[in-house]
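For reference, the chains in residue letters:
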Amino acid sequence: MNDGRNILDQMNHRSREVFRRVVEGYLDSGEPVGSRTLTRTLSEKVSAATIRNVMQDLEFLGLLNSPHVSAGRIPTQLGLRMFVDGLLEVRDLDSSDRQKLDATLTNNTDDVGGLLDRIGSALSGVTHGASLVLTPKHEAPIRHIEFVALGHDRALVVLVFADGHVENRLFHPPPGQTPSSMREAANFLNALIEGKTLSELRHVMAREISARRQEIDTLARDLVDSGLAVWATEGDQSERLIVRGRANLLAGDSQSEELDKIRSLFDDLERKRDIAEFLELTEDGEGVRIFIGSENKLFSLSGSSLVVSPYMNADRKIIGAVGVIGPTRLNYGRIVPIVDYTAQLVGKLISDRR
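What you are looking at is a predicted structure, and each value in this text was computed from that prediction instead of being measured.

With that out of the way, let us pick up the overall build of the protein. Across its full length, the protein holds 14 helices and 10 strands. Counting over 354 residues, the protein shows a buried share of 46%. In the protein, 61% of the contacts between residues at least 6 apart in sequence involve partners at least 24 apart. Accessible surface for the protein amounts to roughly 17800 Å². Of this, 47% is attributable to carbon and sulfur atoms.

What follows is the structure in structure tokens.
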């Protein structure tokens, strides 16, 4: 029963059409679809009683359910999954949507972060959902690292890469740091840094700290650990996840329970928990993937759907992802080509600027 494709293959024409009409009606209106409504849209003329019997059979299979005793039916998560995998008709990308996305590149003088921010805003505007853009990690070798104290509880790590790229990241240092301990930590890292990327440095640094623990004092070691936690730890890198269009999910006629679920989603996002999962979702292959409700661990609390696609650099290596998140009744047929095109657009943008 968990194999939706087999269930779909075993349905007769009438059951398949009733199922498709219920799902399409729900995705369009967000309301349960009743038997009387279906009598006006089915290709064959049958009675409302006959349609009710078919709907009961589909409910027994776990594909539909009834939110109220006398109401029509809505698809279950299994039903939506089966519809997306077997019956979804993906549209061609609308020309006006394409133009709005292309317009983000008219001013190509921004840095990559600024451009991705604009693309995220455009994607949110076009889809009327929340957009997610996971920005690429900068993996060029590092030339120099410096820690700068900004106050008793704030510091800046300056990263200078061999290709000339410079990144400044704020972080909260452990209590008791002094300018001398910061210099010592930076000197320690700079002695290890030649030809290494951030990821490589992180692994080397862990080994070196273990082997040479007595060569740096405790405060400097804590500073190194704290600083790297900000800008090198996978899945917890500041400003790697760009979220735009939150208001689109909080607007409209949503019930208070749905709003609470959506707020819990964004609480997760703002705390940057499990961001690594977002990129991992895309690493099983190219193309757009659809996650519905609890299928996606990252957004399972909100019961939302995620349409996501990886983007690649010139070497065809996955370096980030773009996606749209919204209620489970997303217009999947329209959203899929938009996300697919946006991922291609971002990949070309990154490749052309390297």
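So that's the structure; there's more coming.
This brings us to unusual backbone geometry. Positive phi is not limited to glycine here, since His128 has a value of about 60°. Under the relative-accessibility criterion, His128 is labelled exposed at 59%.

Our focus in this paragraph is the packing of helix 6 (residues 95-102) against helix 7 (residues 112-127). One way to put it is that helix 6 packs onto helix 7 with a least axis distance of 9 Å and a crossing angle of 160°. Classified by the angle between their axes, helix 6 and helix 7 sit roughly antiparallel to one another. The hand of the helix 6/helix 7 crossing is right-handed. For the pair formed by helix 6 and helix 7, the contact residues are Asp97, Lys100 and Leu101 on the first element and Ala122, Leu123 and Val126 on the second.

The next subject is the confidence of the model for the protein. In this model, the protein carries a mean pLDDT of 77, and residues with pLDDT of at least 70 account for 72%. Considering only residues more than four positions removed or in separate chains, one finds that residues 228-239, a stretch of pLDDT under 50, has 30 contacts. Counting interchain partners and residues more than four positions distant, the pLDDT-below-50 stretch residues 271-276 has 13 contacts.

It is worth spelling out the packing of aromatic side chains at this point. Within a pair of aromatic rings, the relevant descriptors are the distance that separates the centres and the angle that separates the planes. Per the counting criterion, the structure on display carries 0 aromatic pairs. In this arrangement the basic side chain of Arg98 is found over the ring face of Tyr341, its NZ or CZ atom lying 4.8 Å from the centre.

Relative to the helices and strands, Ile51 is located in helix 4 (residues 48-60). With 37 residues separating them in the primary sequence, Ile51 and Arg14 have C-alpha atoms 8.8 Å apart. Beyond its immediate stretch of four places on either side in the chain, Ile51 contacts Ser35, Leu38, Thr39, Leu42 and Val46.

Turning to the pairing of strand 9 (residues 305-312), a few remarks are in order. Counting buried positions along strand 9 gives 8 out of 8 residues, so the element sits mostly inside the fold. Of the two faces of strand 9, both are covered, the one formed by Ser305, Val307, Ser309 and Tyr311 as well as the one formed by Leu306, Val308, Pro310 and Met312. Looking at chain direction, strand 9 and strand 10 (residues 318-326) are connected through 8 bridges and run antiparallel. Looking at the pairing, Ser309 lines up with Val322 of strand 10. The turn linking strand 9 back onto strand 10 is made up of 5 residues, and Arg316 within it adopts a positive phi angle of 60°.

Further remarks concern the pattern of salt bridges. Under the criterion given, the structure shown has 6 salt bridges. Between Asp97 and Arg334 there is a salt bridge, with its nearest N and O atoms 3.2 Å apart. Placement of the pair is Asp97 in helix 6 and Arg334 in helix 14 (residues 332-352), with a sequence separation of 237 residues. Exposure remark for Asp97: the relative accessible area of 4% places this residue in the buried category.

Once that is clear, we can look at the sheet that holds strand 5 (residues 155-161). Read from one edge of the open sheet, 3 strands run 4-5-6, paired in antiparallel fashion. Among the strands making up the open sheet, the edge pair consists of strand 4 (142-149) and strand 6 (166-171). Put simply, the sheet's adjacent strands are angled 15° from each other on average, direction ignored. Here 7 bridges tie strand 4 to strand 5, and the two strands are oriented antiparallel to one another. In the sheet register, Ile145 faces strand 5, and the bridge partner there is Leu159. Seen against the sheet, helix 8 (residues 179-192) touches strand 4 and strand 5 and runs at an angle of roughly 170° to strand 4.

This brings us to the packing of helix 2 (residues 13-29) against helix 5 (residues 77-86). Each packed pair of helices is defined by two parameters, the angle between the axes and the distance between the axes. Look at helix 2 against helix 5: their axes get within 11 Å of each other, and the N-to-C directions meet at 100°. Between helix 2 and helix 5, the angle is such that the two are roughly perpendicular. Side by side, helix 2 and helix 5 meet where Phe19, Arg20, Val23, Glu24 and Leu27 of the first sit next to Gly79, Leu80, Met82 and Phe83 of the second. Within the contact of helix 2 with helix 5, the residues separate by chemical class into 6 nonpolar, 1 polar and 2 charged.

So, about the nonpolar core. Ranked by internal contacts, the top residues of the largest apolar core, which has 55 residues, are Phe19 and Tyr332. Per-element tally for this core: the top contributor is helix 14, with 11 residues. Counting 19 residues, the second-largest nonpolar core is a separate cluster that includes Phe161, Ala186, Leu198 and Leu201.

This paragraph deals with the side chain of Ser124. Counting through the fold element by element, Ser124 comes out in helix 7. Given a relative accessible area of 5%, Ser124 falls into the buried group. In this structure Ser124 touches Gly129, Ser131, Arg244, Gly245 and Asn248, once residues within four positions along its chain are discounted.

Residue placement: Ile338 occurs in helix 14. Between the alpha carbons of Ile338 and Thr127 there is a distance of 8.0 Å; along the sequence they are 211 residues apart. If we ignore the near neighbours within four places in the chain, the residues touching Ile338 are Leu93, Asp97, Leu101, Leu123, Val126 and Thr127.

Calculation rules
- All residue numbers refer to positions counted from 1 along the written sequence of the respective chain.
- Whole-chain, interface and lining totals are the exception, using all residues; otherwise, since this is a predicted model, local features are given only for residues with pLDDT of at least 70 and side-chain atom pairs are given and counted only at 80 or more.
- Hydrogen atoms and water are omitted, and side-chain values are computed over all heavy atoms in the structure.
- Think of it this way: any DSSP run of H or I at least four residues long counts as a helix, any run of E at least two long counts as a strand, and we number them from the N terminus.
- Think of it in three bands: with a 1.4 Å probe and only protein chains considered, a residue is buried below 20% of the maximum accessible area for its type, exposed above 50%, and partly exposed in between.
- Note on contacts: a residue pair is in contact if any heavy atoms of the two residues lie within 4.5 Å.
- Reported accessibility uses the Shrake-Rupley method at a 1.4 Å probe radius. Residues are deemed covered only where the shown protein chains occlude them.
- Here, axes are lines fitted to C-alpha atoms. For helices the fit covers the stretch in contact, and angles between N-to-C directions go from 0 to 180 degrees.
- Any angle between 65 and 115 degrees counts as roughly perpendicular, while under 35 counts as roughly parallel, over 145 as roughly antiparallel, and the rest as oblique.
- Put simply, a crossing is left-handed when the front helix is turned counterclockwise from the back one by less than a right angle, and right-handed when it is turned clockwise.
- Here pLDDT means the predictor's own confidence in every residue, given as a number from 0 to 100.
- Here a Phe, Tyr or Trp ring, Trp counted by its six-membered ring, pairs with any other such ring whose centre lies within 6.5 Å, and the pair is stacked when the planes are under 30 degrees apart, edge-to-face when over 60, and tilted otherwise.
- Note on geometry: a ring has a charge over it if NZ (lysine) or CZ (arginine) is within 6 Å of the ring centre and within 35 degrees of the ring normal.
- The rule for pairing is simple: two strands pair if DSSP sees at least two bridges between them.
- Salt bridges are counted wherever a side-chain nitrogen of Lys or Arg sits within 4 Å of a carboxyl oxygen of Asp or Glu.
- Polar here means any residue other than Ala, Val, Leu, Ile, Met, Phe, Trp, Tyr, Cys and Pro, which are nonpolar, and Asp, Glu, Lys and Arg, which are charged; Gly is therefore polar.
- Side-chain atoms within 4.5 Å link the members of a nonpolar core, which is a set of buried Ala, Val, Leu, Ile, Met, Phe, Trp, Tyr and Cys residues.

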